[in-house]
Amino acid sequence: MEWTQQKLNHYLKRVRTVVEFEGITGEELDQVFRGEAMRRLQEIETIVQNTDLTDRDKVALISGLLR
């Protein structure tokens, strides 16, 4: 197996995966990801600025969002 891997290593480093979504453009997909990122950042901001929560509670809530 190692010999084969050594011989193919040159080609294995160039492996790439292409994912094609039908019915949605790259631009639309980018907007979806940006929107989700902004939503999560706003949630984190709300948690951080909440003075009623302890630091431990804030960390727990943010950790839960990132899972």
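On a predicted model such as this, the values are computed, not experimentally measured, just so you know.

Criteria and cut-off values
Residues numbered from 1 in each chain as written. Predicted model: local features only at pLDDT ≥ 70, side-chain atom pairs only at ≥ 80, totals over all residues. Heavy atoms only, no water. Helix = DSSP H or I, 4+ residues; strand = E, 2+ residues; numbered from the N terminus. Rg over C-alpha atoms; globule rule 2.2 N^0.38 Å. Areas by Shrake-Rupley, 256 points an atom, 1.4 Å probe, with all protein chains shown as cover. Salt bridge = Lys/Arg side-chain N within 4 Å of Asp/Glu carboxyl O. Buried < 20%, exposed > 50% of the residue type's maximum accessible area, 1.4 Å probe, protein only.

Draft legend 1. Broad picture of the overall build of the protein chain. Along the protein chain, the regular secondary structure elements total three helices and zero strands. What you see in the protein chain, going N to C, is helices and strands ordered as α-α-α. Computed over its C-alpha atoms, the radius of gyration of the protein chain comes to 21 Å, more than 25% above the 11 Å expected for a compact globule of 67 residues. Carbon and sulfur atoms form 54% of the exposed surface of the protein chain, whose accessible area is close to 6,700 Å².

Draft legend 2. Quick look at the pattern of salt bridges. Counting across every chain of the model gives four salt bridges. Residue aspartate 30 is joined to arginine 34 by a salt bridge in which the shortest nitrogen-to-oxygen separation is 2.9 Å. Residue aspartate 30 and its partner arginine 34 are located together in helix H2 (residues 26–49), separated by four residues, close to a single helical turn. The partly exposed category is assigned to aspartate 30, whose relative accessible area is 36%. Classification of arginine 34 by relative accessible area gives exposed; the value is 56%. One salt bridge connects arginine 39 with glutamate 36, and the closest N-O pair in it is separated by 2.5 Å. Of this pair, arginine 39 and glutamate 36 both sit in helix H2, three residues apart, which is roughly one turn of that helix.

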